[in-house]
Amino acid sequence: MKFWFITGSQFLYGEETLAKVERNSREIAEHLNEKLPFAVEYTDTVKTESGAFELIKQANFDSDCAGIIIYCHTFSPSKMWIAALKSLQKPYLHLHTQYNRAIDNNAIDMDYMNLHQSAHGDREHGFIAARLNISREIISGHFKDAEVLTQIENWQRASVGAAFSKVLKIARFGDNMREVAVTEGDKVEAQLKLGWQVNTYGVGGLVEEISAVTSAEVDKKIAEYREKYEFNTDDSEAVREQARMEIAMKKILERENCRAFTNTFEDLYGMKQLPGLATQNLMAQGYGYGGEGDWKTSALVAVAKAMMKDTDKPSSFMEDYTYDYEAGLILGAHMLEVCPTIADNADNKPKIEVHALGIGGKNPPARLVFEGLAGAATVASLVDMGGRFRLIVQDVECVKPINTYPNLPVARVMWKPAPNLEAGAEAWIRAGGAHHTVLSYGVSAEMWRVWARIMEVEFVHLSAETNLHTLERDLELGGLLWKLKH
């Protein structure tokens with residue numbers, strides 16, 4: 001993915017000034033390209049209405065273009081941007097910067113003023129976007145400042161997540177867990193708003209695919225498991241069955257071009273186990289997953305992984321399981337399906353173990369058991385509020401589990417939610433957050449906020465500054481304003 005750097009100007013100042021505008025703009029774009037994770041390319045200096053419109057039209061239809069960055073080096077009359085901005089279909093960053101960091105005391109004259117006038121050129125441009133009520137990100141500061149670069153990176157990653165989201169397909173192997181409310185949702189609205197195509201694939205078809213997996217394919221997958229994980233079981237057939245399921249599910253996902261999937265322990269007709277190790281290893285390859293048919297969380301896991309694909313910052317499907325009030329911590333886990341990319345491998349590789357599940361009525365499934373990484377992270381939940389989606393993001397601090405929990409054969413991680421356990425849990429429940437989440441060590445609350453703005457999704461951030469009384473009022477006002485706006 002790449003980002004187009006577009007400069008606004010006009011013919012008023014003459015060819016010499018325009019040549020300097022282009023030269024400076026190229027230098028700014030080259031600096032951003034060197035410092036940011038995704039490519040930034042200077043595209044053009046816009047001087048006319050037709051020039052702006054044609055450029056935005058090209059950006060809309062370039063599948064490699066993840067967004068546009070506009071900067072007005074000089075005064076660029078904003079009426080000439082109306083048609084272009086009204087037609088824009090890509091994420092839009094208005095970068096309010098200038099070429100020089102400081103004013104040169106001896107060099108400044110009227111020619112200097114005509115060239116370096118983004119202080120009011122960007123204000124003219126900003127007005128028309130506000131007048132058109134166009135969603136955009138605004139970042140102000142010198143383009144070489146570290147904080148500015150961080151903000152642009154956040155926007156880039158959110159934009160890449162938006163581009164990924166717009167073409168994301170989710171496979172549901174079976175239906176949702178019965179009688180559960182929060183995993184339901186409007187799939188048509190999800191495709192209209194988020195681009196997610198959510199379709200069901202019968203468990204019978206998956207069973208047929210599992211039956212067709214060859215012994216040679218299983219042997220190859222077992223060799224992969226032995227390289228990546230530690231075997232802590234003698235039940236080789238249980239592990240081989242997980243290999244068959246992984247191979248079969250991946251064939252279907254690849255054939256249907258799906259990057260996320262779900263299943264549920266209540267819909268396993270014809271299957272020998274609930275996918276555990278199979279699901280975990282697929283998540284490690286970048287697939288999103290949601291338990292009990294939770295397609296919204298599955299998609300959000302995939303989006304988080306796409307946003308941080310070029311880094312070592314992992315994300316996983318997660319669930320708040322139980323509390324330690326004495327320590328002020330939450331134990332997060334799931335029956336089987338936690339992504340091994342979040343494992344703390346400092347001491348040991350994740351262990352493959354086989355244990356009875358207690359639900360689902362099938363054979364004991366193989367799964368990976370490990371402890372999660374310590375460090376700053378976020379948990380995110382997308383819920384359907386009826387007429388709109390709400391993204392709830394909470395800052396958390398993951399810690400090394402305070403006990404070994406020798407009788408708990410699941411992958412787990414512990415964290416302290418912001419602002420603390422009691423207030424953080426109350427705030428989460430007040431906002432309607434689900435029990436399933438995306439735990440991410442790389443996607444910050446700011447990245448999620450920008451992504452929500454691009455996707456036109458309501459955003460709620462729970463942080464160290466969260467006040468419960470203020471939150472309640474903000475949720476009520478936000479809900480009202482969202483309905484009026486949309």
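Residues numbered from 1 in each chain as written. Predicted model: local features only at pLDDT ≥ 70, side-chain atom pairs only at ≥ 80, totals over all residues. Heavy atoms only, no water.

In this section: the overall build of the chain. The helix and strand inventory of the chain stands at 15 helices and 19 strands. A compact globule built from 486 residues should have a C-alpha radius of gyration of about 23 Å, and the chain, at 25 Å, falls within 12% of that. Along the three orthogonal principal directions, the C-alpha set of the chain runs to about 80 × 50 × 45 Å. Per-residue burial over the chain gives 54% buried out of 486 residues. Counting contacts in the chain only where the partners sit at least 6 residues apart, residues at least 24 apart contribute 79% of the total. Just so you have it, the chain exposes about 21,200 Å², and 49% of that area is on carbon and sulfur atoms. Averaging the coordinates of the 52 positive side-chain charges in the chain and doing the same for the 67 negative ones gives two points 3 Å apart. (Helix = DSSP H or I, 4+ residues; strand = E, 2+ residues; numbered from the N terminus. Rg over C-alpha atoms; globule rule 2.2 N^0.38 Å. Buried < 20%, exposed > 50% of the residue type's maximum accessible area, 1.4 Å probe, protein only. Contact = heavy atoms within 4.5 Å. Areas by Shrake-Rupley, 256 points an atom, 1.4 Å probe, with all protein chains shown as cover. Lys, Arg positive; Asp, Glu negative; His and termini not counted. Charge placed at Lys NZ, Arg CZ, Asp CG, Glu CD.)

Take empty space enclosed by the protein next. Remark: the empty space left among the atoms is shown by a probe the size of a water molecule rolled over them. With the rule as written, the count across this model stands at 1 cavity of 30 Å³ or more. Looking at the largest cavity, the residues that line it are Phe173, Val203, Leu206, Met249, Asn263, Asp267, Leu268, Met271 and Pro275. (1 Å grid on protein atoms, 1.4 Å probe; cavity = no way out; pocket = protein on both sides within 12 Å on 5 of 7 lines; lining within 4 Å. Points joined across faces, edges and corners; volume = space filled by probe spheres on them.)

So, on to the layout of surface pockets. By volume, the second largest pocket amounts to about 300 Å³. Together, 14 residues line the second largest pocket, and Asn348, Lys351, Val369, Phe370 and Glu371 are the ones closest to its centre. Its residues placed into classes, the lining of the second largest pocket shows 4 nonpolar, 2 polar and 8 charged. (Nonpolar A, V, L, I, M, F, W, Y, C, P; charged D, E, K, R; others polar.)

For the rest of this paragraph, the subject is the sheet that holds strand E10 (residues 288-290). Strand order in the open sheet formed by 4 strands is E7-E6-E9-E10, and the pairing between neighbours is parallel. Sheet topology places strand E7 (197-201) and E10 at the edges, where each strand pairs with a single neighbour. Averaged over all pairs of adjacent strands, the angle between their axes in this sheet comes to 20 degrees, without regard to strand direction. Note: strand E6 (residues 169-173) against E7, 5 bridges, orientation parallel. For Ile170, the partnering residue across the bridge sits in E7 and is Val198. Along the sheet, helix H10 (residues 236-255) contacts E6 and strand E9 (260-262); its crossing angle with E6, the most-contacted strand, is approximately 140 degrees. (Pairing = 2+ DSSP bridges. Axes fitted to C-alpha atoms, helices over the stretch in contact; angles between N-to-C directions.)

Here we come to the packing of helix H12 (residues 295-307) against helix H14 (residues 445-455). Closest axis-to-axis distance for the H12/H14 pair is 12 Å, and the angle between their directions is 115 degrees. Between H12 and H14, the angle falls in the class roughly perpendicular. Our pair here, H12 against H14, has a crossing hand that is right-handed. Contacts between H12 and H14 involve Leu300, Val303, Ala304 and Met307 from the former and Met447, Trp448 and Trp451 from the latter. Here the residues of the contact of H12 with H14 are counted per class, giving 7 nonpolar, no polar and no charged. (Parallel < 35°, antiparallel > 145°, perpendicular 65-115°, else oblique. Left-handed = near helix turned anticlockwise from the far one by under 90°.)

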